[in-house]
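Here is what each chain is made of, one letter per residue.
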Amino acid sequence: MDKLQVALLQLPVVADKDENLTKAALGLREAAGKGARLVVLPEMWTTPYDTAVFADYAEGRTGKTATFLSNMARELEMVIVGGSIPEKDKAGRIYNTAFVFDAQGEPLAYHRKKHLFDIDIAGGQYFRESDVLTPGEESTTFETLGWTFGLGICFDVRFPDQALDMVRQGADCLIYPAAFNPSTGPLHWELLMRARAMDAQSWLLACAPARQTDGGYVSWAHSLVVNPWGTVEHDLGTGAQVRIASLYKESIETVRAQIPIRGIQA
Ligand SMILES: NC(=O)CC(=O)C(=O)O
């Protein structure tokens, strides 16, 4: 499929998990109604972004959120890249994990955030996911709808090697559910997303929660669609919204033919 309609759901995330699921359902229906074949949700969209509560919101691979995403994918016949949620494994370890379901509702891929978000900016953002989360170990790609997708989560975007791994595995489009913040957002968000799209010469989708300033972690928002030239095609700003975008295989081929760096990257 040379042209692919995708959607980004920049959701407002609240403490009530059921409310988050209800808003996601509305957004997914809207995206399906507008013709999206693949939809991306934000990082940690079922829970406040707070290490103190990740264990309370954590679920397994057949839990409530996975069941919801699978049912929605089957009903709407869309691929759902389910942002990320706190995932608890059988040993009780917790990961920041993206669940992907195909258009029949079957699990297609899982990505556990490889690079945990540990920063301490003087006078700014402090966060230590490693206090409660276990890092993943793999770079993740999956194939669907005639495209190959690479999947990372937020802090992973700071690691070019991981993006290039995904390109070596054939990625046409990199997807990053994410949630930058008012310290790092203005400095690095767009710069990193454009840089990874440029390195990879691929499309890039970054989906963040809408900005809310009523306490707790503040998401920078600004979900993005970046093309293989590194140009921003969509910037969703800060409010809640569903945005449809079109991706074209041809632009990947054009950039890779006109600026042939693949041999250097491999
Ligand atoms: N939330 C993250 O994982 C990363 C982030 O906010 C940053 O790198 O800044």
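Residues numbered from 1 in each chain as written. Predicted model: local features only at pLDDT ≥ 70, side-chain atom pairs only at ≥ 80, totals over all residues. Heavy atoms only, no water.

### Some remarks on the overall build of the protein
Helix and strand counts for the protein stand at 7 helices and 15 strands. In terms of C-alpha radius of gyration, the protein reaches 17 Å, essentially the compact-globule figure of 18 Å for 266 residues. Expressed as a percentage of the 266 residues in the protein, the buried residues total 59%. Surface accessibility of the protein: about 10600 Å² in total, with carbon and sulfur atoms responsible for 50%. A distance of 1 Å separates the average location of the 25 positive side-chain charges in the protein from that of its 33 negative side-chain charges. (Helix = DSSP H or I, 4+ residues; strand = E, 2+ residues; numbered from the N terminus. Rg over C-alpha atoms; globule rule 2.2 N^0.38 Å. Buried < 20%, exposed > 50% of the residue type's maximum accessible area, 1.4 Å probe, protein only. Areas by Shrake-Rupley, 256 points an atom, 1.4 Å probe, with all protein chains shown as cover. Lys, Arg positive; Asp, Glu negative; His and termini not counted. Charge placed at Lys NZ, Arg CZ, Asp CG, Glu CD.)

### Section: the UniProt feature "domain: CN hydrolase" (unreviewed entry) in the protein
The UniProt record annotates "domain: CN hydrolase" (unreviewed entry) at residues 4-261. For the annotated span residues 4-261, helix accounts for 27% and strand for 28% of the residues, and the straight-line distance between the end C-alpha atoms is 25 Å. (UniProt positions renumbered as here; feature names shortened; annotations may be inferred.)

### Observations regarding empty space enclosed by the protein
Taken as a whole and judged by the stated rule, the model has 1 cavity of 30 Å³ or more. Approximately 40 Å³ is the volume attributed to the largest cavity. Taken together, Phe117, Cys154, Phe155, Arg158, Ala179, Phe180, Asn181 and Thr184 make up the lining of the largest cavity. Class assignment for the residues of the lining of the largest cavity results in 5 nonpolar, 2 polar and 1 charged. (1 Å grid on protein atoms, 1.4 Å probe; cavity = no way out; pocket = protein on both sides within 12 Å on 5 of 7 lines; lining within 4 Å. Points joined across faces, edges and corners; volume = space filled by probe spheres on them. Nonpolar A, V, L, I, M, F, W, Y, C, P; charged D, E, K, R; others polar.)

### Remarks on the layout of surface pockets
Within this model, the largest pocket holds a volume of roughly 330 Å³. Val13, Pro48, Tyr49, Gly215 and Tyr217 are the residues nearest the centre of the largest pocket, which is lined by 18 residues in total. A class-by-class count of the residues in the lining of the largest pocket yields 10 nonpolar, 5 polar and 3 charged.

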